[in-house]
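Below are the chains, spelled out letter by letter.
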Amino acid sequence: MALVNYGSSCSSDDSNDESDKCDTNPALLPGKIAEPPPIVTRIRARPALKRTLPDALSLLGAKRAALTTSEDHLDDPAEHDGRVRSFKHERGNWATYVYIAAHSEQLEDVQEVSKEALADVLHDLHTIEDLHISLSRTVVLQYHHIDSFVESLRNKLEVTASFSISLSRLHIYTNEERTRTFIAFKVDEMHFDKMHQLMTKVDGVMTEYRLQRFYEDPSFHISFLWCLGDKVSVLNENLDTLKSAINVSLGESKAFSLFIQEIICKSGNKEFVFKLK
């Protein structure tokens, strides 16, 4: 078999001018072991990190939605015949007021007679269970002040003598927000001074604790029926009809009397009674 000569990468027939084109890299010469080309690694400098303090979100995590606990109070007007709280309930704040309880069978009869007389005018009249005469506004008292507040009232009120009052005049009232209307009996004028003296003593304690005093022009009364909204005009238009029905119920006296021998302070679910002399 004939041998085939492939020749070198440079032809011997080429002229000397072409000899510089031959690959004379020592690494490819006979007897030399080819060494790999050096590997150049580029190291990129990292930018300097700015040192900052961790924020609250990274430490504590996202803020959770507030959860209602058993101690929180959710006020639902539907649970109170549509009545709306005058001020927000907060822990540690106790709604407080001073009053005279007015227990009277005559008034209970008047309530029923009045509802019947006004049935064609107002269908949503409600009876008031805890009949009373207010001697203060409803104020917000801090829990840790309750004991000393009550003691101050006791010292001022229990030196007062018991007395009787009469009530014969009908009057229509609304609350300050005009969200409720009340039908009431006013205390007769002849007893106004004695009632005002009691109120003044209560006002003195309110001032001591920087709480709101009673009205400058007080109207002492017993509310016995109420309804939602401002219905003063409607009830005044039918006041004569109501008076006639009530007079029949009261009989010849056309009034009823009340013997006052104790004052009550209610603070939240606590009740304090002050006995008069």
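Just above, that's the structure.
Residues numbered from 1 in each chain as written. Predicted model: local features only at pLDDT ≥ 70, side-chain atom pairs only at ≥ 80, totals over all residues. Heavy atoms only, no water.

1. Considerations on the overall build of the chain
Okay, so step 1: In terms of helices and strands, the chain carries 6 helices and 10 strands.
Okay, so step 2: Within the chain, the proportion of its 277 residues that are buried is 30%.
Okay, so step 3: Taking all contacts inside the chain whose residues are at least 6 apart in sequence as the whole, residues at least 24 apart take part in 78%.
Okay, so step 4: Counting every atom, the chain has about 19800 Å² of accessible surface; 50% of that belongs to carbon and sulfur. (Helix = DSSP H or I, 4+ residues; strand = E, 2+ residues; numbered from the N terminus. Buried < 20%, exposed > 50% of the residue type's maximum accessible area, 1.4 Å probe, protein only. Contact = heavy atoms within 4.5 Å. Areas by Shrake-Rupley, 256 points an atom, 1.4 Å probe, with all protein chains shown as cover.)

2. Let's talk about the sheet that holds strand β8 (residues 256-260)
Okay, so step 1: Reading across from one edge, β2-β7-β6-β5-β8 is the order of the 5 strands in this open sheet, with antiparallel pairing throughout. If you trace the sheet from one side to the other, it starts and ends with β2 (126-127) and β8, each paired once.
Okay, so step 2: Sheet analysis places strand β6 (residues 180-187) next to strand β7 (residues 221-228), joined by 7 bridges and oriented antiparallel. By the bridge assignment, lysine 186 is partnered in β7 with histidine 221.
Okay, so step 3: Taken strand by strand, helix α4 (residues 192-208) contacts β5 (163-174), β6 and β8, and its axis lies near 80° from that of β5. (Pairing = 2+ DSSP bridges. Axes fitted to C-alpha atoms, helices over the stretch in contact; angles between N-to-C directions.)

3. Some details on the packing of aromatic side chains
Okay, so step 1: Applying the stated criterion across every chain yields a total of 8 aromatic pairs.
Okay, so step 2: Ring geometry for phenylalanine 185 versus phenylalanine 256: centroids 5.3 Å apart, planes at 80°, classification edge-to-face. Within this pair, whereas phenylalanine 185 is found in strand β6, its partner phenylalanine 256 is found in strand β8, the two being separated by 71 residues in sequence. Across this residue pair, the class does not change: phenylalanine 185 and phenylalanine 256 are buried.
Okay, so step 3: Within the aromatic cluster, the residues linked to one another by ring pairs are Phe192, Phe214, Tyr215 and Phe220. (Phe/Tyr/Trp six-rings, centres within 6.5 Å; stacked < 30°, edge-to-face > 60°.)

4. Some details on unusual backbone geometry
Okay, so step 1: For arginine 178, which is not a glycine, the phi torsion comes out positive at approximately 55°.
Okay, so step 2: Among the secondary structure elements, arginine 178 is positioned in the loop between β5 and β6.
Okay, so step 3: Of note, arginine 210 is a non-glycine position whose phi angle comes to about 55°, a positive value.
Okay, so step 4: The topology assignment puts arginine 210 in the loop between α4 and β7.

5. Brief notes about the side chain of threonine 160
Okay, so step 1: Along the chain, the position of threonine 160 falls in the loop between α3 (146-157) and β5.
Okay, so step 2: Among the polar contacts listed, one links the side chain of threonine 160 to the side chain of lysine 201, at a separation of 2.7 Å.
Okay, so step 3: Excluding anything up to four places from it in sequence, threonine 160 contacts Leu198, Lys201, Leu276 and Lys277. (Polar contact = N/O pair within 3.5 Å; in protein donor to acceptor, adjacent residues only side chain to side chain.)

6. As for the packing of helix α2 (residues 105-117) against helix α6 (residues 239-250)
Okay, so step 1: Two numbers describe how α2 lies on α6: the axes approach to 9 Å, and their chain directions differ by 145°. Every pair of crossing elements has a handedness; the one defined by α2 and α6 is right-handed. Residues Gln106, Asp109, Val110, Val113, Ser114 and Ala117 of α2 pack against Thr241, Leu242, Ala245, Ile246, Ser249 and Leu250 of α6.
Okay, so step 2: Tallied by class, the residues present in the contact of α2 with α6 amount to 7 nonpolar, 4 polar and 1 charged. (Left-handed = near helix turned anticlockwise from the far one by under 90°. Nonpolar A, V, L, I, M, F, W, Y, C, P; charged D, E, K, R; others polar.)

7. Comments concerning α4
Residues spaced three or four apart along an α-helix point in a common direction, a consequence of the helix completing one turn every 3.6 residues.
Okay, so step 1: Spanning 17 residues, α4 covers 24 Å between terminal C-alpha atoms, matching the ideal 24 Å at 1.5 Å per step.
Okay, so step 2: Within the span of α4, buried status applies to Met195, Leu198, Met199, Val202, Asp203, Val205 and Met206. Across the axial projection of α4, the buried residues extend over an arc of 160°, all falling on one side. Of the residues in α4, the exposed ones pointing more than 90 degrees away from the buried face are Asp193 and Gln197. (Expected span 1.5 Å × (residues − 1). Arc of directions from axis to C-beta.)

8. Notes on the nonpolar core
What tends to happen in soluble globular proteins is that the nonpolar side chains get buried as a cluster.
Okay, so step 1: Residues Ile183, Phe185, Met195 and Ile263 are the most contacted members of the largest nonpolar core, which totals 60 residues.
Okay, so step 2: The contact partners of isoleucine 263, leaving out residues within four places of it in the chain, are Val98, Tyr99, Ile100, Leu135, Leu157, Leu198, Phe272, Val273, Phe274 and Leu276. (Core = buried A, V, L, I, M, F, W, Y, C linked by side-chain atoms within 4.5 Å.)

9. Description of the environment of valine 110
Okay, so step 1: If you trace the backbone, valine 110 turns up in helix α2.
Okay, so step 2: In this structure, the C-alpha to C-alpha distance between valine 110 and leucine 250, residues 140 residues apart in sequence, is 7.8 Å.
Okay, so step 3: Not counting the four nearest positions on each side in its chain, valine 110 is found in contact with Phe185, Phe224, Ile246, Ser249 and Leu250.

10. Digging into the pattern of salt bridges
Okay, so step 1: Evaluated as defined, the whole model comprises 8 salt bridges.
Okay, so step 2: Note that glutamate 151 is salt-bridged to arginine 154, the shortest N-O span being 4.0 Å. Placement of both glutamate 151 and arginine 154 in helix α3 is noted, with a separation of 3 residues, approximately one turn of the helix.
Okay, so step 3: Glutamate 151 gets classed as partly exposed once you look at its relative accessible area, which sits at 40%.
Okay, so step 4: Accessibility expressed as a relative area gives 25% for arginine 154, which makes it partly exposed.
Okay, so step 5: With a closest N to O distance of 4.0 Å, arginine 169 and aspartate 188 form a salt bridge. Taken together, the positions of arginine 169 in strand β5 and aspartate 188 in the loop between β6 and α4 put the pair 19 residues apart, joining distant regions of the chain. (Salt bridge = Lys/Arg side-chain N within 4 Å of Asp/Glu carboxyl O.)

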